[in-house]
Each structure stands twice: as structure tokens, then as C-alpha cells.
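The primary structure of each chain is shown beneath.
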Amino acid sequence: MTRKAPKVQQKQPKAKQQEPKAKQAQWFIFAAVFLLLAFIAGALVYKNQKSNEAAEAYQRDKSTFVRAHSPALGNPGAKVEIVEFFDPACETCKEFAPLVKKLMADNPDRIRLVLRYAPFHTGSDYVVRILEAAKRQGKFWETLDAVFASQSSWAPNHRPQPQLVLNYIGRVGLDSARLSQDMNAPDIETIIQQDLADAKTLNVTMTPEYFVNGKPLPSFGADQLRDLVQNTLATAYR
Amino acid sequence: MNSPARPHDSAWTLVFACWLIASVGALGSLFFSEVMGYPPCVLCWYQRICMYPLVLVLPAGLFPFDRKVVRYALPLSLLGALIAVFHLLLVAGFIPESIKPCVQGIPCTEVQVVWFGFVTIPLLSALSFLLISALLVLTYRRSST
């Protein structure tokens, strides 16, 4: 067959080679562009679909987003609800905390904030235990502020040393004997497991993750969060 | 089959097909991790190390066509196929836990995607690497004579 084609013949149509080569390049470029566009289109469609699904799930049943045990801030009747999955050892969570507070202050009584635990760093669950025990003394938010304020001291370079946290929350005025007793309460473990399970259900793999009335951020960023909150406010309080 | 340019062309098409498979595999894996948010396990990373370079190296053998492309592409695809098959055996449970390389993070035995009841990510990976390897061997056969 073709293998036995004499060598002389192979060299013959030099001029003709130009044409298939140009065709080959065309095919290659066409395929490359097509694949890239398919990827981008697929990503957009997927994100949009997920966002709608999450919002629908939220409208139907909020239970995976908000549990009875979840600490919440702001007017319970607010029409816009920000659900934030956070890790006390996560730097970005700390950075974003004042941002969310500012959004709430700018729109009084219209936004409610619900916090969920996503202790992805090793040792973070210890800090969550402290927060939950502080909640029983009615000082969750003060303790959280103190935990975030001292984060660089007890979690340098993303390596949390959670035992140090207790040194930095003295000013909150917690009953420390009661705190260390409450920290080991088995229902706190249940809360952590529940939150982690919900994080998995909602596909939360990074912190902080926000859901505004069930809608996740289209992409991560402070501006995106502000826009999403403002759009949701605009539709809720038309 | 009377045009003398043909053996060259068909070899080119085979390598082009390899590149298509590698590109779909690379973009697909990025879709799983970056768009769908499935974190890749260690073995997945090793397979990516073999798949991603193919996307860049194969075109070097396409323009202009280099029949030696097999020499620099086949080691990648064979190694990738080995890791993928190992991954498959691990998921299937044929390889005991003790030599499991994933200690922390995401367990490689966790199956994140199942289509039609049997198509998983490591299966797609193994098929891609094996198909690329087979096509490369075929390219060598076609262009070496």
C-alpha cells in the first residue's frame, strides 16, 4: 500500500504541500478557539444554573442555610439575609467582617447576618468551641471580634495555635471556668458536624462563602458581595 | 491512497487527535476543579502533570510535523496512563490502604463524579492517556516507514 510508495514520488509535489499545511493550521486554530469558547460558555451556564438552584433551594427550604443554633445578627424580619460560612482562622474572613458590618450599618434593619462554621483549618474547631461556649454566656459577637482582632497572633502564617486564643479574649469578660467546661459540651460537636455537613451540601469549599438570600457570589470578591447585596436589597425593597 | 502526501497527513491527523484528547482532558479537569469546585486529590495532580504538558508539546510536533513527536509525547502519556490505572485500582479497592499515597487533604478514593453509573474522573483520565498512547504508537508506525 502506501508504505511501498517509491521515495522519488514522495518528494514530488512540493508546491502542493503548502495547501494542506495551511488547512492544518486552520483546523488547529479552529479547534483551539472552539474548545476555549466551549469551556467559557460551559462555565457561565454552570455557574448561572447553580446560582438559580441555590436560590430556589433557599426559597423552598432554608434549613441547610440557617439552623436554629446559628448565631445571627440584625433584624429577624429583614428581607435580605446574608449567610456566611466562615473559619475563625481564615484571614479573608477577618478582612471581610467589617465589610459586612458596614453593609448592615448602611442599610439599617434591612439585612440580617447568619454565621455558619466551616472550620477547614486544623485546630479551627477548637476556636469554634470557644465561640459556641461564649455564645452561651451571651457574648458571641464580642468574642468573635476579639478572636479576629488577635488572629495574626494566634494563627501566624495560617498555622493556628488555637490554645493561644484564650490569652487574647480576656477583655471580653467571659467566665473562664464556665467557658472551658462548656467548650467540651457534646452538642457543640453536633453543631460543628451539622455546619460542616451543610457546607458540603451547599458546595462550600473555601471560606468565607456568602449566600445572599440563597444566591452564592458569582465570583469571589468584596465588590461582588456588595453588588449582590445591593441587587438583592433593590428587589426586596422595591 | 495514491497521493504521496497521505502517509504524512494521516500521521499528522493522529497527532492532532492526540492533542484534541489532551486539550479536552486538560480543560475538563480545570472545569471540575475551578468551575464545579471539586478539589483535586494528589493522584489527580500527578495525572495533570502528565496531561497539561501534552497540550503544549504536541503542537510543537504538529507545526511543522515532526515524526519524532512520539519520543517526547509518549513518555508523558504512558506515565499518565500508569498513574491513572493505579488510581482506578485504588478506587476499586484492589490496592490496599497501606500503600495509598494520599494521607491528608482529599482522599483519592473519594468518588466525586459518576456518570451513567460507571464513568468516573479517573476512568476518563485512564481512557484519555491510553488512547493518546495508542494513537502515538500508530503515528510512529505510519510515519517511520
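The rules behind these values
Residues numbered from 1 in each chain as written. Chains lettered and ligands numbered in written order. Predicted model: local features only at pLDDT ≥ 70, side-chain atom pairs only at ≥ 80, totals over all residues. Pairing = 2+ DSSP bridges. Helix = DSSP H or I, 4+ residues; strand = E, 2+ residues; numbered from the N terminus. Contact = placed C-beta atoms within 7 Å. Axes fitted to C-alpha atoms, helices over the stretch in contact; angles between N-to-C directions. Core = buried A, V, L, I, M, F, W, Y, C linked by C-beta atoms within 7 Å. Buried ≥ 20, exposed ≤ 12 C-beta atoms within 10 Å, placed from the backbone. Expected span 1.5 Å × (residues − 1).

Undergrad: Would you mind going over the sheet that holds strand β3 (residues 111-117) of chain A with me for this structure?
TA: Across a sheet, paired strands are connected by hydrogen bonds in the backbone, their directions being either parallel or antiparallel. Residue and element names in this part refer to chain A. Read from one edge to the other, the open sheet built from 5 strands follows the order β1-β3-β2-β4-β5, with strand pairing classed as mixed. Looking along the sheet, the strands with just one partner apiece sit at the ends: β1 (72-73) and β5 (215-216). Pairing of β1 with β3, which is carried by 2 bridges, proceeds in the antiparallel orientation. Residue pairing across strands places A72 opposite V114, the latter belonging to β3. The strands touched by helix α10 (residues 222-236) are β2 (80-86), β4 (209-212) and β5; relative to β2, the strand with the most contacts, the crossing angle is about 155°.

Undergrad: How should the nonpolar core be read in this particular structure?
TA: Nonpolar side chains tend to gather and get buried jointly when the protein is soluble and globular. Residues and elements named next belong to chain A. Among the nonpolar cores identified, the biggest contains 45 residues, and I82 and V229 are the most heavily contacted of them. Elements with a contribution of two residues or more to this core: β2, α3 (91-106), β3, α4 (124-135), α5 (140-149), β4 and α10. Here this core takes 6 residues from α4, the largest share from any one element. Setting aside its immediate chain neighbours within four residues, I82 contacts V100, I111, L113, Y210, V212 and V229.

Undergrad: Help me out: how do you make sense of the environment of V80 of chain A in this one?
TA: Residues and elements named next belong to chain A. Tracing the backbone shows V80 in strand β2. Distance in space between the C-alpha atoms of V80 and D109 is 9.4 Å, their sequence separation being 29 residues. Among residues more than four places away in sequence, those in contact with V80 are R110, I111, V212, N213, V229, T232, L233 and A236.

Undergrad: Sorry, what's going on with the environment of I95 of chain B here?
TA: Residue and element names in this part refer to chain B. Here I95 shows up in the loop between α3 (69-92) and α4 (121-144). In this structure I95 comes out as partly exposed when scored by C-beta crowding, with 15 C-beta atoms within 10 Å. Excluding residues within four positions of it along the chain, I95 makes contact with L89 and L90.

Undergrad: Please clarify how the pairing of β4 of chain A should be interpreted in this entry.
TA: Put simply, side chains in a regular strand alternate between the two faces of the sheet. All names here are of chain A. Neither face of β4 is exposed, since E209 and F211 on one face and Y210 and V212 on the opposite face are all buried. Two elements, β2 and β4, share 4 bridges in a ladder whose sense is antiparallel. Its bridge partner lying in β4, V83 is registered against F211. Of the strand pairs in this sheet, β4 and β5 are connected by 2 bridges, and their pairing is antiparallel. Pairing of V212 across the sheet is with K215, part of β5.

Undergrad: Teacher, can you tell me more about the environment of S29 of chain B here?
TA: Looking at the secondary structure, you find S29 of chain B in helix α1 (residues 6-35). Distance from S29 of chain B to M51 of chain B, taken between C-alpha atoms, is 9.8 Å for residues 22 residues apart in sequence.

Undergrad: Looking at this model, I keep getting lost on α4 of chain A. Mind explaining?
TA: Each α-helix turn comprises 3.6 residues. Residues three or four places apart therefore point the same way. Residues and elements named next belong to chain A. Compared with the 16 Å implied by 1.5 Å per residue over 12 residues, the 17 Å span of α4 between its first and last C-alpha is a close match. By the criterion of burial, α4 is predominantly enclosed, with 10 of the 12 residues buried. All of the buried residues along α4 are S124, D125, V127, V128, R129, I130, L131, E132, A133 and A134. Where the residues of α4 are buried, they touch β3, α5, α7 (165-168), α8 (176-182) and α9 (186-201).

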